[in-house]
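# Geometric and topological summary
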Amino acid sequence: LRQMLEFAVNYNGPIAILDPRGGDEKTKFITHEKIEKGKAEILREGEDISIIAIGKMVAKAQNVAELLEKKGIEAEVINARFLKPLDKETITNSIEKTKNVITIEDGIIEGGLGTVIEELIQEEKLKDVVFNKFGYPDRFIKHGKTEEIEEIYGLTEKNIVEYVEKSREKVVDRVETFVIQ
């Protein structure tokens, strides 16, 4: 938060900093890179899947990567930081390396991080990529505890890990381009 506020104060233009629903995450991550406009941060290197997250879901992505590591799956975790401008180079390089990517966001998928990454895959003509978006549908979301809402919409660490395990089977058996929603 300190880095984001420092960036916002020194930036000459409009800035939006989103305050996460549900408060602070229990999992903290250390960032060593100064925030630069339009620059994502690779928090963890991996070869098997790219996990691209934004906002409070970055901590969840880190937790998912740790759970996957216990199952022998190396996840690359990217803190997208910005939707616009998107760090196309960093994200494209990761997707080309892993050929398997998920996005995790605490917002509506349509028009959010998942959509932006899906458009990037198409724009860059990346082939043989297994892809899925984790976020909320574009409809009214009932109020409730964050954990309950995440359970309803499949945003739990357990659900994401199970999806990744199944998607890895598809990559090993036969690589194809598809989007699951």
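Sequence positions are assigned chain by chain, starting from 1 and proceeding in written order. It should be noted that, the model being predicted, local features are given only for residues of pLDDT at least 70 and side-chain atom pairs only at 80 or more, the latter also being counted only at that level, while totals for whole chains, interfaces and linings use all residues. The basis for every side-chain value is the complete set of heavy atoms in the structure, and neither hydrogens nor water enter the calculation.

At a closest axis distance of 11 Å, the pairing of helix α3 (residues 88-98) and helix α4 (residues 113-123) adopts a crossing angle of 75 degrees. In this view, α3 runs roughly perpendicular relative to α4, as classed from their interaxial angle. Where α3 approaches α4, its residues K88, I91, T92 and I95 are matched on the opposing element by I117, L120, I121 and E123. When its residues are assigned to classes, the contact of α3 with α4 shows five nonpolar, one polar and two charged. For helices, the fitted axis covers only the stretch in contact; all axes are lines through C-alpha atoms, and the angles between them, taken along N-to-C directions, range from 0 to 180 degrees. The numbering of helices and of strands both runs from the N terminus, where a helix is a DSSP run of H or I of at least 4 residues and a strand a run of E of at least 2. Throughout this description, any angle smaller than 35 degrees is read as roughly parallel, any larger than 145 degrees as roughly antiparallel, any in the 65 to 115 degree range as roughly perpendicular, and the remainder as oblique. Only heavy atoms matter for contacts: two residues are in contact if any of them lie within 4.5 Å across the pair. Nonpolar residues are Ala, Val, Leu, Ile, Met, Phe, Trp, Tyr, Cys and Pro. Charged residues are Asp, Glu, Lys and Arg, and all others, Gly as well, are polar.

Turning to the pairing of strand β4 (residues 100-108), a few remarks are in order. Of the pairings in the sheet, the one linking strand β2 (residues 49-53) to β4 comprises four bridges and is parallel in character. Across the sheet, S50 pairs through a bridge with V101, a residue of β4. Orient the strands so they point away from the viewer; a crossover is then right-handed if the path from the first strand over the helix to the second runs clockwise. Taking the sense of rotation as the criterion, the β-α-β connection linking β4, α4 and strand β5 (residues 130-136) turns out right-handed. What makes two strands pair is DSSP finding at least two bridges between them.

Nonpolar cores are built from buried Ala, Val, Leu, Ile, Met, Phe, Trp, Tyr and Cys residues. Side-chain atoms within 4.5 Å join them into one set. Residue burial is assigned from relative accessible area. The probe radius is 1.4 Å, only protein chains are included, and a residue is buried under 20% of its type maximum, exposed over 50%, and partly exposed in between. Within the largest apolar cluster, 24 residues are counted, with the highest numbers of intra-cluster contacts made by I49, I51, L68, I102, I104 and V164. If you list the elements that add at least two residues to this core, you get β2, α2 (57-70), β3 (75-79), β4, β5 and α6 (157-173). Setting aside chain neighbours within four positions, we find I102 in contact with I49, S50, I51, I52, N132, F134, I160, Y163 and V164. A80, I95, V101 and L120 belong to the second largest nonpolar core, which has 17 residues in total.

Turning next to the packing of aromatic side chains. Pairing of aromatic side chains requires ring centres within 6.5 Å, counting the rings of Phe and Tyr and the six-membered ring of Trp. Pairs whose planes differ by under 30 degrees are stacked, by over 60 edge-to-face, and all others tilted. Taken as a whole and judged by the stated rule, the model has four aromatic pairs. Ring geometry for F7 against F82: centres 5.6 Å apart, planes inclined by 70 degrees, an arrangement best described as edge-to-face. Here F7, found in helix α1 (residues 2-10), pairs with F82, found in the loop between β3 and α3; they are 75 residues apart in sequence, far enough to count as distant. Just as F7 is buried, F82 falls in that class too. Between Y136 and Y153 the ring centres are 5.6 Å apart and the planes differ by 75 degrees, which places this aromatic pair in the edge-to-face class. One end of the pair, Y136, is in strand β5; the other, Y153, is in the loop between α5 (146-152) and α6, with 17 residues separating them in the sequence.

Bringing the side chain of T103 into the picture now. With respect to the element layout, T103 can be found in strand β4. If near-sequence neighbours (up to four positions away) are discounted, T103 is found in contact with I52, L113, G114, I117, F131, N132, K133 and F134.

By salt bridge we mean one thing: a side-chain nitrogen of Lys or Arg within 4 Å of a carboxyl oxygen of Asp or Glu. As enumerated under the stated definition, the model contains 10 salt bridges in all. Across the pair E165 and K71 runs a salt bridge whose closest N-O atoms are separated by 3.5 Å. A residue pair is termed long-range when its members are at least 10 positions apart, and E165 in helix α6 and K71 in the loop between α2 and β3 qualify at 94 residues. In this structure, a network of salt bridges that share partners links the residues E45, E76 and K97.

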